[in-house]
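Residues per chain, in single letters:
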Amino acid sequence: MNINIDDNIKSASKILITSHINPDGDTLGSMCALYGAILGKYKKHADMFITSKVPYTYRDLPFVNLAGNNYNKSLVYDLAISVDVAAKDRMGDAIELFNKAKFTINIDHHKTNPKYGDINIIDSTSASAGQILYKYFIENNWEITEPIAECLYVSILTDTGGFKYENTTAETLKIAGELIKLGVNPNKVYKSIYETKTKDNVMFQASAISKAKFCKNDKIAYITIYKKDLERYKSTEDFTEGLVEKLRTIDSVEVAFIVKEIDSKSSKVSMRSKNLDVAEICSTFSGGGHTYAAGCVIKSSVSTSVKKIINLISSRV
């Protein structure tokens, strides 16, 4: 990694770190790891912007309690850093502050990232943004304390689906091992993220799975989720996490997707596949992501969005 951002951080008085909307373990883990590392190396407190509430799953993540979204919108930051944000519009309300910043850095691992920062550290071969940060910290002699190591571990663990997705490499596992040497307790982290759910979360997912629909000889599977479904179980955004992966595990399924209602005229889509490039599919709707895991927002109702997606992928499976 030939890019160095130390001077940019050193010279900045006001620093913003932004995650993406509907935050997951990678964007939160990377954001918190970078916050802790900047604090440790430069004794500077960066502002961490999170559009929504911290998902219950990541309640124990070090530093995450310091993230918020009530920052002064008129403030001009010397430096704004995005982590795991595939495109500017994925920042949500933070985009205004990012755009006004005097200098911007974009750290990401999505192959569809358009390189929107003044400096872009993009590596689509890395399993997560946290893996990119780990390599940067090591190469530039940044101290990785136990809390920072845990944040990086959460980033890598979750974006590899517990080290089972196609993006898991020998390097990924080696880095995870190094983080364990630094004090991370893998059993504790795994239980906190994957084995501790609220009753409402479990019941919501059971209900959603029971309503799954199939077509093309069960090669395509999908779930539709409406606001009323979310309200019934007092759901938060993270309640849908892992649902589309469950559909993909079905032996006949080649492509799985979830369409979630935003409002009557727009829907959020999460898509997974075994062999099809779903990043290319989602790019049709100005979305993107990885080859086998991508997403987008379609400016249509849930039912119309489903029809559009099926029309696109039916001839490809």
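Below: a short report on this structure. (Residues numbered from 1 in each chain as written. Predicted model: local features only at pLDDT ≥ 70, side-chain atom pairs only at ≥ 80, totals over all residues. Heavy atoms only, no water.)

**A closer look at the overall build of the protein chain**
Secondary structure assignment for the protein chain yields 12 helices and 11 strands. Here the C-alpha radius of gyration of the protein chain, 19 Å, is about what a compact globule of 317 residues would show, namely 20 Å. When each of the 317 residues of the protein chain is scored for burial, the buried share is 52%. A fraction of 66% describes how many contacts in the protein chain between residues 6 or more apart in sequence connect residues 24 or more apart. (Helix = DSSP H or I, 4+ residues; strand = E, 2+ residues; numbered from the N terminus. Rg over C-alpha atoms; globule rule 2.2 N^0.38 Å. Buried < 20%, exposed > 50% of the residue type's maximum accessible area, 1.4 Å probe, protein only. Contact = heavy atoms within 4.5 Å.)

**Looking at the sheet that holds strand S2 (residues 47-49)**
What the 5 strands build is an open sheet, ordered S2-S1-S3-S4-S5; its pairing is parallel. Every other strand in the sheet has two partners, leaving S2 and strand S5 (119-122) as the edge strands with one partner each. Pairwise comparison of adjacent strand axes, ignoring direction, gives a mean angle of 15° for this sheet. Where strand S3 (residues 79-83) lies against strand S4 (residues 104-108), 4 bridges are found, and the strand directions are parallel. When the sheet's bridge partners are listed, Ser82 is paired in S4 with Asn106. Sitting on the sheet, helix H2 (residues 25-42) is in contact with strand S1 (15-18), S2 and S3, with an inclination near 140° to S3. (Pairing = 2+ DSSP bridges. Axes fitted to C-alpha atoms, helices over the stretch in contact; angles between N-to-C directions.)

**Topic: the pairing of S4**
Burial of S4 is extensive: 5 of the 5 residues sit out of reach of the surface. Residues Thr104, Asn106 and Asp108 point to one face of S4 and Ile105 and Ile107 to the other, with burial holding for every one of them. Relative to S5, S4 runs parallel, the two sharing 4 bridges. Its bridge partner lying in S5, Ile107 is registered against Ile121.

**A short note on the pattern of salt bridges**
Applying the stated criterion across every chain yields a total of 10 salt bridges. The closest approach of N and O atoms between Asp7 and Lys10, which form a salt bridge, is 4.0 Å. Placement of the pair is Asp7 and Lys10 together in helix H1 (residues 6-11), with a separation of 3 residues, close to one helical turn. For the salt bridge of Glu245 with Arg272, the shortest nitrogen-to-oxygen distance reads 2.9 Å. Residue Glu245 is located in helix H10 (residues 243-248), and its partner Arg272 is located in strand S9 (residues 266-273); the two are separated by 27 residues in the primary sequence. Glu245 sits in the buried class, given a relative accessible area of 15%. (Salt bridge = Lys/Arg side-chain N within 4 Å of Asp/Glu carboxyl O.)

**Considering helix H12 (residues 302-313)**
In an α-helix, one turn spans 3.6 residues, which is why side chains three or four residues apart end up on the same side. Taking 1.5 Å as the rise per residue, H12 with 12 residues should run 16 Å; its terminal C-alpha atoms sit 17 Å apart, in good agreement. Those residues of H12 that sit buried are Val302, Ser305, Val306, Ile309, Ile310 and Ile313. Seen from one end, H12 has its buried residues packed into an arc of 130°, which puts them on one side. Within H12, the exposed residues directed more than 90 degrees away from the buried face are Lys307 and Asn311. Residues of H12 that are buried in the fold lie against strand S6 (213-215), strand S7 (220-225), strand S8 (255-263), S9, helix H11 (278-283) and strand S11 (293-298). (Expected span 1.5 Å × (residues − 1). Arc of directions from axis to C-beta.)

**Examining the sheet that holds S11**
Across the sheet, 6 strands lie side by side as S6-S7-S8-S9-S11-S10; this open sheet has mixed pairing. Where the open sheet ends on each side, the last strands, each with one partner, are S6 and strand S10 (288-289). Examined bridge by bridge, S10 and S11 share 2 bridges and lie antiparallel to one another. Counted as the bridge partner of Gly288 is Gly295 from S11. Contacting S6, S7, S8, S9 and S11, H12 crosses the sheet at an angle of about 155° to S8.

**Remarks on the nonpolar core**
Core analysis: the biggest nonpolar cluster contains 49 residues, and Ile81, Ile107, Phe137, Leu152 and Leu179 have the highest contact counts within it. When residues in this core are grouped by element, the largest group, 9 residues, is from H2. What Ile81 contacts, discounting residues up to four positions off in sequence, is Ile15, Leu16, Ile17, Thr18, Leu34, Ile38, Phe98, Ile105 and Ile107. By size, the runner-up hydrophobic cluster in this structure holds 21 residues, among which are Val255, Val278, Cys282 and Ile313. (Core = buried A, V, L, I, M, F, W, Y, C linked by side-chain atoms within 4.5 Å.)

**Section: the packing of helix H5 (residues 146-159) against helix H7 (residues 186-194)**
In the contact formed by H5 and H7, the axes pass within 11 Å of each other and the chain directions differ by 55°. Relative to H7, the element H5 lies oblique. H7 is crossed by H5, and the crossing has right-handed handedness. For the pair H5 and H7, the contacting residues are Glu150, Tyr153, Val154, Leu157 and Thr158 in the first and Pro186, Lys188, Val189, Tyr190, Ile193 and Tyr194 in the second. A breakdown of the residues in the contact of H5 with H7 according to their chemical character gives 8 nonpolar, 1 polar and 2 charged. (Parallel < 35°, antiparallel > 145°, perpendicular 65-115°, else oblique. Left-handed = near helix turned anticlockwise from the far one by under 90°. Nonpolar A, V, L, I, M, F, W, Y, C, P; charged D, E, K, R; others polar.)

**Describing unusual backbone geometry**
The backbone of Asn22 shows a phi angle near 50°, a positive value even though the residue is not glycine. You can see Asn22 is positioned in the loop between S1 and H2. Positive phi outside glycine occurs at Asn217, with the angle close to 55°. Among the secondary structure elements, Asn217 is positioned in the loop between S6 and S7.

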